[in-house]
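Chain residues, written in single-letter form:
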Amino acid sequence: MSKHDPYGTPTKPDSNCRTCTDFKFWSKQQRQIFQKADNPTEEKTEKAPAVPQGCPLDKIALGQATWGLLHTMAAFYEDNPTDNQKRDIKTFLEVLSRVYPCEHCAKDFRKDLREHPAQVNSQYEFSQWLCKFHNRVNVKLGKQQFDCSKINERWRDGWLDGSCD
Ligand code: FAD
């Protein structure tokens, strides 16, 4: 639901930000707003639903898409990057951490970058650094840690069992 200013210019919704939350939480809020009856048993067993196709991203879908971009950038990063390439990646991460459209995620992202500056001297270094960064977010969210020795199987070469071929 977009709000409009008195002049009819569309403005960003301020209290209905999907990328500030996840779809499950957002949809729960919506149900409460419209006072629809909930089935509490179903709610407990419900998995976080995917965002319906063609709809705005929530925090989960945005995160998945962004990790996909970042890990793929790391997967195809140079083994021997030039100074310009190193600078570009660092600038990209710094800017992303300022404009990422989930405010509290971006705040922690900036803090993490200060505490663990990006390591971008090679494809191996960058992809390992990114894997560890992603794992720190996983820990914060109570998710399983990813085995960083498998980073290129996951994001560049496909699994050794051939399941991606
Ligand atoms: P995701 O974490 O999105 O991972 C996608 C896929 O990447 C996984 O399926 C797995 O195959 C692979 N993967 C998992 N871990 C690793 C790893 N360490 N290295 C390589 N590959 C891996 N959400 C919040 O609620 N709070 C936050 O503060 C927050 N901060 C975020 C900061 C950033 C920079 C980004 C990009 C996202 C952030 N998110 C945050 C979103 C969150 O990290 C997840 O993307 C979201 O919860 C969906 O999680 P998921 O379990 O589907 O898998």
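Just so we're clear, the structure is a prediction, and the values are computed from it rather than from any experiment.

Caption draft 1: Representation of helix H6 (residues 123–140). Across its 18 residues, H6 extends 26 Å between first and last C-alpha, which sits within 8% of the 26 Å expected from 1.5 Å per residue. Looking only at H6, the buried set comprises Gln123, Phe126, Ser127, Gln128, Trp129, Leu130, Cys131, Phe133, His134, Asn135, Val137 and Asn138. Buried residues in H6 make contact with helix H3 (59–75), helix H4 (83–99), helix H5 (103–115) and helix H7 (151–157). Phi for Gly142, located one or two positions after H6, is positive at around 70°.

Caption draft 2: Main features of the nonpolar core. Core analysis: the largest hydrophobic core is formed by 20 residues, its most contacted members being Leu93, Phe126, Trp129, Leu130 and Phe133. Of all the elements in the fold, those that place two or more residues in this core are H3, H4, H5 and H6. Take this core: its biggest share by element is five residues, from H6. If near-sequence neighbours (up to four positions away) are discounted, Leu130 is found in contact with Trp67, Leu70, His71 and Ala74. The next biggest cluster of nonpolar side chains, apart from the first, holds five residues, and it includes Ala75, Cys148, Ile151 and Trp155.

Rules used in this analysis
- Residues numbered from 1 in each chain as written.
- Predicted model: local features only at pLDDT ≥ 70, side-chain atom pairs only at ≥ 80, totals over all residues.
- Heavy atoms only, no water.
- Helix = DSSP H or I, 4+ residues; strand = E, 2+ residues; numbered from the N terminus.
- Expected span 1.5 Å × (residues − 1).
- Buried < 20%, exposed > 50% of the residue type's maximum accessible area, 1.4 Å probe, protein only.
- Contact = heavy atoms within 4.5 Å.
- Core = buried A, V, L, I, M, F, W, Y, C linked by side-chain atoms within 4.5 Å.

By themselves, these are just geometric observations and shouldn't be taken as functional.
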